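Chains, contacts and geometry: an overview
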Amino acid sequence: MVVLGRRMTGKTSLVKTFAREKSGLYVSLMGVKNLVGLAEALLQSPGLELKELELGPATLLRLKLTKTMENIFSRLEGKVVVLDEVQELVSPAFLKLLKTMWDTSRGLRLIFTGSYAGVLKRMLEPGKGSPLYGRQPARIELKPFNKDLAEEFLRLGFAEYRMSPRESEIREAVERLGGAVGWLTYYGNSRCVRRMGHEGV
Ligand SMILES: Nc1ncnc2c1ncn2[C@@H]1O[C@H](COP(=O)(O)OP(=O)(O)O)[C@@H](O)[C@H]1O
Ligand SMILES: [Mg+2]
């Protein structure tokens, strides 16, 4: 599964919540570019009992590394595993690994998020020569709220803090910030929690 959407549309919040509800694993791959980085991130992730798997010098040879990764993923059978900010991980070895897991794994459930570039684009639009050809994941796209919903979101948030801002402020905030939940939350938090004035935000 791939979760798409612009920045601040709530991708990370959604997948983190889902992983927590399913007792799954959430790993941020910000800055990770290759399989070594992926293996390190997975092995360091809390809640994963993979201590006996080590990334010694021998493991870092390409063949062993692929085997180690298959080993890690096979231990995650039945689990929800979220890989966030996956866009920089464009190594061909990663795509091959995904193909292997697609073909052999029964219950591994991988969720990817990130910007629509790099590896996500290759997953969703695989060319004929790609290991993922014919193996496209499902996709969910998070969209900004429309104007009415965005305004309602702010009003309800203010009400939770027993504050009643001017309607013109609500309207202007939505006009200027758009409907991305993250920016609306930022505005609401600045006003209600940090007690800033409308102009100040
Ligand atoms: N469903 C939601 N309801 C309220 N606030 C939310 C919701 N989803 C996200 N947010 C807020 O928006 C901010 C940005 O969301 P985030 O999940 O980091 O977006 P993305 O990963 O798409 O950039 C979060 O820190 C949170 O404050
Ligand atoms: Mg995010």
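Residues numbered from 1 in each chain as written. Chains lettered and ligands numbered in written order. Predicted model: local features only at pLDDT ≥ 70, side-chain atom pairs only at ≥ 80, totals over all residues.

1. Some thoughts on the overall build of the protein
Looking only at helices and strands, the protein has eight helices and five strands in total. Each helix and strand of the protein, placed in order from N terminus to C terminus, yields the pattern β-α-β-α-α-β-α-β-α-β-α-α-α. Against the 2.2 N^0.38 benchmark of 17 Å for 201 residues, the protein shows a C-alpha radius of gyration of 21 Å, more extended than a compact globule. In terms of principal-axis extent, the alpha carbons of the protein reach across some 65 × 40 × 25 Å. For the protein, the proportion of its 201 residues judged to be buried stands at 22%. Partitioning the contacts of the protein with sequence separation of at least 6, the portion at a separation of at least 24 is 73%. (Helix = DSSP H or I, 4+ residues; strand = E, 2+ residues; numbered from the N terminus. Rg over C-alpha atoms; globule rule 2.2 N^0.38 Å. Buried ≥ 20, exposed ≤ 12 C-beta atoms within 10 Å, placed from the backbone. Contact = placed C-beta atoms within 7 Å.)

2. With respect to the site of ligand 1
Around ligand 1 sit Gly5, Arg7, Met8, Thr9, Gly10, Lys11, Thr12, Ser13, Val181, Gly182 and Thr185, and those are all the residues in its vicinity. Only α1 (11-21) and α8 (181-192) provide two or more residues apiece to the shell around ligand 1. Of the residues contributing to the shell around ligand 1, the split by class is two nonpolar, seven polar and two charged. Residue assignment places the shell around ligand 1 across two domains, with domain 1 (2-141) and domain 2 (147-192) each supplying three or more. (Near = placed C-beta within 6 Å. Nonpolar A, V, L, I, M, F, W, Y, C, P; charged D, E, K, R; others polar. Domains from an automatic or database assignment.)

3. Description of the domain arrangement of the protein
When the parts of a complex come together, some accessible area is lost, and that lost area is often used as the size of the interface. If you check the domain split of the protein, you get domain 1 (2-141) and domain 2 (147-192). A separation of 35 Å is found between the C-alpha centroids of domain 1 and domain 2. Contacts between the two partners involve four residues from domain 1 and, on the opposite side, four residues from domain 2. For the side of domain 1 that touches domain 2, the class distribution of residues is one nonpolar, two polar and one charged.

4. Focus on the environment of Ile111
Counting through the fold element by element, Ile111 comes out in strand β4 (residues 109-113). In this structure, the C-alpha to C-alpha distance between Ile111 and Leu83, residues 28 residues apart in sequence, is 6.1 Å.

5. As for the nonpolar core
Within the largest apolar cluster, 28 residues are counted, with the highest numbers of intra-cluster contacts made by Leu38, Val82, Val86, Leu89 and Phe94. In this structure, Leu38 is in contact with Leu29, Val32, Leu89 and Phe94, ignoring residues within four places of it in sequence. Membership of the second largest hydrophobic core comes to seven residues, among which are Ala150, Ala173, Leu184 and Tyr187. (Core = buried A, V, L, I, M, F, W, Y, C linked by C-beta atoms within 7 Å.)

6. Notes on the sheet that holds strand β1 (residues 2-4)
Strands belonging to one sheet form pairs held by backbone hydrogen bonds; the direction of such a pair is parallel or antiparallel. If you trace the five strands from one edge of the open sheet to the other, you get β2-β3-β4-β1-β5, paired in parallel fashion. Where the open sheet ends on each side, the last strands, each with one partner, are β2 (25-28) and β5 (139-141). Strand-to-strand twist across the sheet, computed as the mean angle between neighbouring axes with direction ignored, equals 20°. The pairing of strand β3 (residues 80-84) with β4 spans four bridges and is classified as parallel. Bridging across to β4, Val82 finds its partner in Ile111. Taken strand by strand, α1 contacts β1, β2, β3 and β4, and its axis lies near 160° from that of β3. (Pairing = 2+ DSSP bridges. Axes fitted to C-alpha atoms, helices over the stretch in contact; angles between N-to-C directions.)

7. A short note on the packing of helix α6 (residues 147-160) against α8
Put simply, α6 and α8 touch, their axes get as near as 10 Å, and they point 30° apart. By the angle between their axes, α6 is roughly parallel relative to α8. Note on packing geometry: the crossing formed by α6 with α8 is right-handed. On α8, the residues that touch Ala150, Phe153, Leu154, Gly157 and Phe158 of α6 are Leu184, Gly188 and Cys192. In terms of residue class, the contact of α6 with α8 is built from six nonpolar, two polar and no charged. (Parallel < 35°, antiparallel > 145°, perpendicular 65-115°, else oblique. Left-handed = near helix turned anticlockwise from the far one by under 90°.)

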